[in-house]
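# A closer look at the structure
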Amino acid sequence: MAADTATHQFPLPAILEYPSSTPPELITQGAEGRLYKSTYLLPSIPCAVKYRPPKPWRHPLLDARLTRHRILSEARNLAKCRREGVPVPAVYAIDESAGWLMMEWVAGGPVRAAINEWLRRRRDAERAEGRAGDAMVEGTGEADADLVALLRRIVTAIGRMHKVGIVHGDLTTSNMMLTPWERGKEPANGHSVEGDGLLEGDIVIIDFGLASQSVSHEDRAVDLYVLERAFSSTHPRAEKLFTAMLESAYKETFKEAPIVLRKLEDVRMRGRKRSMIG
Ligand SMILES: Nc1ncnc2c1ncn2[C@@H]1O[C@H](COP(=O)(O)OP(=O)(O)OP(=O)(O)O)[C@@H](O)[C@H]1O
Ligand SMILES: [Mg+2]
């Protein structure tokens, strides 16, 4: 679907108006930024363009400085991860003054959608057998193997990112993509094939808008805590399994990881105290 400019309600960044680029498709429109799909260099190379349009409610100078800072910081952190072999999209081009960042298009979809679909099917299967369908996912049976493996890949990717000195700042299952392996092309019209294969694919971490360079155990632990909380609220039935996987897989990713996990205990404790006080 090629969206025409009129539907965007604001000027597109000039890069997307170039005659050589494919008409951009608006993928998401958040409070801060918009994500377009277009092409880079060749019509056959898809790319993602993250654009932060000017915010009329902010002071223009302050707004320009903030936008520049965010875009630059996102690009730098992506570049660093990429260079060090952490799975993130490659940066193609950037114009921080114009407020956009162009990067590799990641095929597939957010991890969040894949896990939710998997949980939905599992519930339906349980109901079909006459059970309530609200059992926690324990990760013990054969049926849970795909989810266990996916959670392990997620935690490993995060460990690798932490190892190279980046903390993400906004880890959620929406900010991770699942890129289907070989045979899996993007399922046409959003419907994937029945049954297995739903959770198969590589993890790619995206959305480095709040990322920073840090090797502090505390910062890393907070990063994990944010994901743990996000995971429990998005996928409550797999919450316990996630925590178990986090503890077992993360500590294998780098030398100081066990210290970070101990820190995570403190961070959780503080979180609980805070929620008790209200
Ligand atoms: N490189 C990419 N390839 C494919 N899809 C992407 C890519 N980057 C982002 N997306 C899609 O666009 C959505 C929004 O992107 P992203 O999470 O970076 O923006 P955001 O949450 O609006 O950003 P921010 O929190 O920095 O304002 C993602 O959830 C994902 O579905
Ligand atoms: Mg996001």
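Residues numbered from 1 in each chain as written. Chains lettered and ligands numbered in written order. Predicted model: local features only at pLDDT ≥ 70, side-chain atom pairs only at ≥ 80, totals over all residues. Heavy atoms only, no water.

## Quick notes on the sheet that holds strand S6 (residues 109-110)
Backbone-to-backbone hydrogen bonds join strands into a sheet, with any given pair of strands oriented parallel or antiparallel. Sheet architecture is open: three strands sit in the order S6-S8-S9, paired in antiparallel fashion. Bordering the open sheet on either side are S6 and strand S9 (202-205), each of which pairs with just one other strand. Sheet topology places S6 next to strand S8 (residues 176-179); two bridges connect them, and they run antiparallel. For Gly109, the partnering residue across the bridge sits in S8 and is Leu178. Its contacts with the sheet place helix H3 (residues 145-163) against S8 and S9, and it is angled at close to 40° to S9. (Pairing = 2+ DSSP bridges. Helix = DSSP H or I, 4+ residues; strand = E, 2+ residues; numbered from the N terminus. Contact = heavy atoms within 4.5 Å. Axes fitted to C-alpha atoms, helices over the stretch in contact; angles between N-to-C directions.)

## Quick word on the site of ligand 1
Around ligand 1 lies a shell of 18 residues, among which Lys50, Arg52, Glu104, Val106 and Asp207 are the nearest. Glu104 has a polar backbone atom sitting 2.9 Å from a nitrogen atom of ligand 1. With the chains in place, 84% of the 620 Å² that ligand 1 exposes on its own is no longer accessible. Among the elements of the structure, strand S3 (42-51) and strand S5 (100-104) are those that each provide at least two residues to the shell around ligand 1. (Near = heavy atom within 4 Å. Polar contact = N/O pair within 3.5 Å; in protein donor to acceptor, adjacent residues only side chain to side chain. Areas by Shrake-Rupley, 256 points an atom, 1.4 Å probe, with all protein chains shown as cover.)

## Overview of the domain arrangement of the protein chain
One can read the domain layout of the protein chain as domain 1 (5-104) and domain 2 (109-277). Each of domain 1 and domain 2 has a C-alpha centre, and these two points are 26 Å apart. With 15 residues of domain 1 in contact, the opposing surface of domain 2 contributes 15 residues. With both sides pooled, the region where domain 1 packs onto domain 2 buries about 1200 Å², and carbon together with sulfur makes up 60% of that total. Put simply, domain 1 and domain 2 have one salt bridge between them. One salt bridge connects Lys50 with Asp207, and the closest N-O pair in it is separated by 2.9 Å. At the boundary of domain 1 and domain 2, one finds six residue pairs in polar contact (both at pLDDT 80 or more). Ranked by residues supplied to the side of domain 1 that touches domain 2, first place goes to helix H1 (residues 60-83) with seven residues. (Domains from an automatic or database assignment. Buried area = accessible area lost by both parts, 1.4 Å probe. Salt bridge = Lys/Arg side-chain N within 4 Å of Asp/Glu carboxyl O.)

## Quick look at the sheet that holds strand S1 (residues 25-29)
As summarised here, the arrangement of the five strands in space is S1-S2-S3-S5-S4, forming an open sheet in which the pairing is antiparallel. Because the sheet does not close on itself, it has two edges, and the strands there are S1 and strand S4 (91-95). Direction aside, neighbouring strands of the sheet carry axes that sit 25° apart on average. Sheet topology note: the strand S2 (residues 34-40)/S3 ladder contains seven bridges and is antiparallel. If you follow Ser38 over to S3, its bridge partner there is Cys47. Its contacts with the sheet put H1 on S3, S4 and S5, and the angle it makes with S5 is roughly 20°.

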